[in-house]
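Descriptive structure summary
Listed below, chain by chain, are the residues.
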Amino acid sequence: MKNKSILLFLFLFSFLIVLSCKKKYDQEEFESKRINKADSLVRIAYSKYESKDFDKAYDLCNQAIASCPGFSRATVLMGKMKLEDEEYSTAIELFTIAINNKGIMQDYEFAEVYEKRAFAKEALKDYRGALVDYDILVNSYDSRYGYCQRGILKHNFLDDANGACSDWSIAGEKGDSRAYDLINEFCNN
């Protein structure tokens, strides 16, 4: 009788483990489907964005976020559209949300978010805030574009000619051809 009780217990225990594994798999599969749906919606939204159909692109991004809350790629695209509409404060908010919900963004996408947010801050004359974003960009993602843009910011708005020339030199070494034109114009005097 004792052996039957032990066997019954082991059978029930094994059965529960199988059920919990199945449930975990179902949750992972569900999450994967949600992300794929949101990603598909954002891909379509990008095509609408490229054809300047911002209303449809916004709608698709909102659908993506509804199906997968915090989906950063949708938030980034909405920020880009706000940037083009010159709604800089809203663009900054959206890019900040994307940064805080990095999610499945690749590093190059994450770098673009910092670049775009820095540009929006520059447009609002928040030069120190833009500098912080460029610093994060060049220190974390090693972007030649970031070095060049940070140099332009330093030269034009922060009265830091030496810092600008240094950034342009690094940008040039990393392959940004604009940097050498800037060095020739502003640094070789």
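First things first, this report covers the structure right here in the doc. What you see is a predicted model, and the numbers here were worked out from it, not measured in a lab.

**What to know about the packing of aromatic side chains**
Summed over all chains, the structure comprises 5 aromatic pairs. On the numbers, 6.1 Å between centres and 90 degrees between planes, the contact of Y46 with Y49 is edge-to-face. Of this pair, Y46 and Y49 both sit in helix α1 (residues 2-50), 3 residues apart, roughly one helical turn. On the accessibility criterion, Y46 (24% relative accessible area) is partly exposed. Its relative accessible area of 15% is what places Y49 among the buried residues. With centroids separated by 5.7 Å and ring planes inclined at 15 degrees, the aromatic side chains of Y49 and F54 adopt a geometry described as stacked. For the residue pair Y49 and F54, the accessibility class agrees, reading buried in each case.

**What about helix α3 (residues 72-84)?**
End to end, α3 covers 18 Å across 13 residues, agreeing with the expected 18 Å (1.5 Å per residue, within 8%). Among the 13 residues in α3, 12 count as buried, and that is most of the element. Turning to α3, its buried residues are S72, R73, A74, T75, V76, L77, M78, G79, K80, M81, K82 and L83.

**Quick look at the pattern of salt bridges**
Taken as a whole and judged by the stated rule, the model has 13 salt bridges. Taking the shortest distance from any N to any O, the salt bridge between K82 and E87 comes out at 3.1 Å. The buried category is assigned to K82, whose relative accessible area is 18%. Two residues, D176 and R178, come together in a salt bridge whose shortest N-O distance is 2.9 Å.

**Re the side chain of D39**
The residue D39 is located in helix α1 in this model. A polar contact of 3.0 Å, which involves the side chain of D39, links it to the side chain of R73. When near neighbours in sequence (up to four residues on either side) are disregarded, D39 contacts F71 and R73.

**Comments concerning the nonpolar core**
Nonpolar side chains in soluble globular proteins tend to end up buried together. Within the largest apolar cluster, 22 residues are counted, with the highest numbers of intra-cluster contacts made by V76, L83, F95, M105, V113, Y134 and L153. Sorting the residues of this core by element identifies α3, α4 (88-100), α5 (107-123) and α6 (127-141) as the ones contributing at least two each. Apart from residues lying up to four places away in sequence, Y134 is in contact with E115, A118, F119, E122, G146, Q149, R150 and L153. Membership of the second largest hydrophobic core comes to 18 residues, among which are A45, F54, A57 and A64.

**Description of the environment of S47**
Examined against the element boundaries, S47 turns out to sit in helix α1. On a C-alpha basis, the gap between S47 and A57 in space is 8.0 Å, while along the polypeptide they are 10 residues apart. A polar atom in the side chain of S47 sits 2.6 Å from the backbone oxygen of I44.

The rules behind these values
Residues numbered from 1 in each chain as written. Predicted model: local features only at pLDDT ≥ 70, side-chain atom pairs only at ≥ 80, totals over all residues. Heavy atoms only, no water. Phe/Tyr/Trp six-rings, centres within 6.5 Å; stacked < 30°, edge-to-face > 60°. Helix = DSSP H or I, 4+ residues; strand = E, 2+ residues; numbered from the N terminus. Buried < 20%, exposed > 50% of the residue type's maximum accessible area, 1.4 Å probe, protein only. Expected span 1.5 Å × (residues − 1). Salt bridge = Lys/Arg side-chain N within 4 Å of Asp/Glu carboxyl O. Polar contact = N/O pair within 3.5 Å; in protein donor to acceptor, adjacent residues only side chain to side chain. Contact = heavy atoms within 4.5 Å. Core = buried A, V, L, I, M, F, W, Y, C linked by side-chain atoms within 4.5 Å.

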